[in-house]
Amino acid sequence: MAVTAEDRKKTEEQTEAAPRDGSTAFRSDYDGEIGGLYRQISSREPFTYDAAADPLYGQYRERYAQEGRQAMRDAMGQAAALTGGYGSSYGQAVGQQQYDAYLRRLNEVLPELYRTALDRWDAEGDRLTQRLQLAGQLRQNEYAQYRDAVSDRQAAGEAALKEAEARAQYGDFTGYGTLYGDEAANRMRLAWAAANPDAAFASESIDADEYYTLTGRDPHVRGAGGGGGGGIWGYGGSGWNDYGEGVPADYSPSAYPALAAAREEHYGHK
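Now for the overall build of the chain. A count of helices and strands for the chain gives 11 helices and 0 strands. Residue pairs at least 24 apart in sequence account for 53% of intrachain contacts in the chain once pairs closer than 6 positions are excluded. Carbon and sulfur atoms provide 50% of the accessible area of the chain, an area that totals close to 17100 Å².

On to the side chain of Ser 205, then. Tracing the chain through its elements places Ser 205 in the loop between α9 (197–202) and α10 (208–215). Residue class for Ser 205 comes out buried when judged on its relative accessible area of 11%. Beyond its immediate chain neighbours, meaning those up to four positions away, Ser 205 contacts Gly 171, Arg 189, Trp 192, Ala 200 and Glu 210.

Counting across every chain of the model gives 10 aromatic pairs. Relative to Tyr 143, the ring of Phe 26 has its centre 5.0 Å away and its plane inclined at 75°; by these criteria the two rings are edge-to-face. Placement of the pair is Phe 26 in the loop between α2 (17–21) and α3 (31–42) and Tyr 143 in helix α6 (residues 110–168), with a sequence separation of 117 residues. For Tyr 143, a relative accessible area of 38% puts it in the partly exposed group. Between Phe 201 and Tyr 211, the aromatic rings sit 5.6 Å apart at their centres with planes inclined by 55°, giving tilted as the arrangement. Pair noted here: Phe 201 is in helix α9 and Tyr 211 is in helix α10, with a separation of 10 residues, a long-range link. Accessibility classification places Phe 201 together with Tyr 211 in one group, the buried group. Cluster of aromatic residues (ring-pair linked, three or more members): Phe 47, Tyr 49, Tyr 114 and Trp 121.

Inspection of every chain in the model, using the stated rule, returns 9 salt bridges. A salt bridge links Arg 131 to Glu 33; its shortest N-O distance comes to 3.9 Å. On the criterion of sequence distance, the pair formed by Arg 131 in helix α6 and Glu 33 in helix α3 is long-range, its members being 98 residues apart. Residue Arg 131 is classed as partly exposed on the basis of its relative accessible area of 34%.

Moving on, we get to unusual backbone geometry. The phi dihedral of Glu 204 is positive, around 65°, even though this residue is not glycine. With respect to the helices and strands, Glu 204 occurs in the loop between α9 and α10. By relative accessible area, Glu 204 is classed as exposed at 67%.

Rules behind the numbers
- Residues numbered from 1 in each chain as written.
- Predicted model: local features only at pLDDT ≥ 70, side-chain atom pairs only at ≥ 80, totals over all residues.
- Heavy atoms only, no water.
- Helix = DSSP H or I, 4+ residues; strand = E, 2+ residues; numbered from the N terminus.
- Contact = heavy atoms within 4.5 Å.
- Areas by Shrake-Rupley, 256 points an atom, 1.4 Å probe, with all protein chains shown as cover.
- Buried < 20%, exposed > 50% of the residue type's maximum accessible area, 1.4 Å probe, protein only.
- Phe/Tyr/Trp six-rings, centres within 6.5 Å; stacked < 30°, edge-to-face > 60°.
- Salt bridge = Lys/Arg side-chain N within 4 Å of Asp/Glu carboxyl O.

Purely spatial values, then, with no claim about function.
Here it is in structure tokens:
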């Protein structure tokens, strides 16, 4: 029996509800990292260099200032020795020249410090970019695995549907129950039984009471199926009582009320 449009619609609502609300939509473990790295890269300020804020510049400044003061003291000492140990304006001037020379050396190192700082800034940008590229590649790998899993599930679903359709031709709607739920499968079973009551009873998809409700006939009475001697079963022994009256093995008037009413009308007793 083919799946009805109503059953397909209900199935789509049940099985696709999660993707629509995002619960099973693809999410990568790397989405958060990728977003964070992108924000870091896109929000980076243009490179600027502030020597006063550069720790390396501070080290050079301390070093050259210390060496400059030492050179100044040495120069002033040498000048004092030339004047018999007395200080002079000449000695002070020579000392200051030595100190200023070391400070000029500090200024000469600034271009090197600038390039070093720029290299650090570029390296940090490259590092962030490489991390972003790696996370993107890993996300692509995850997505490929996700697509493979989705394809496998789709293939399994198609195979299950084909099997359910094949089994339903013989009155077994359990496959549809797995796919679409017991309520939909039961509707399909009843529709199939209404169109094929004899086959439905023979396959035990419906019981004798349901058969009588559908056909108005007792399935156990000889000739009930219109095919001759053995009712719908085609045999005359098994299932018949000592009086030749057809009843299910578990028959009781309370269990089969419609059949009991038919038997009372036909035989005069239930």
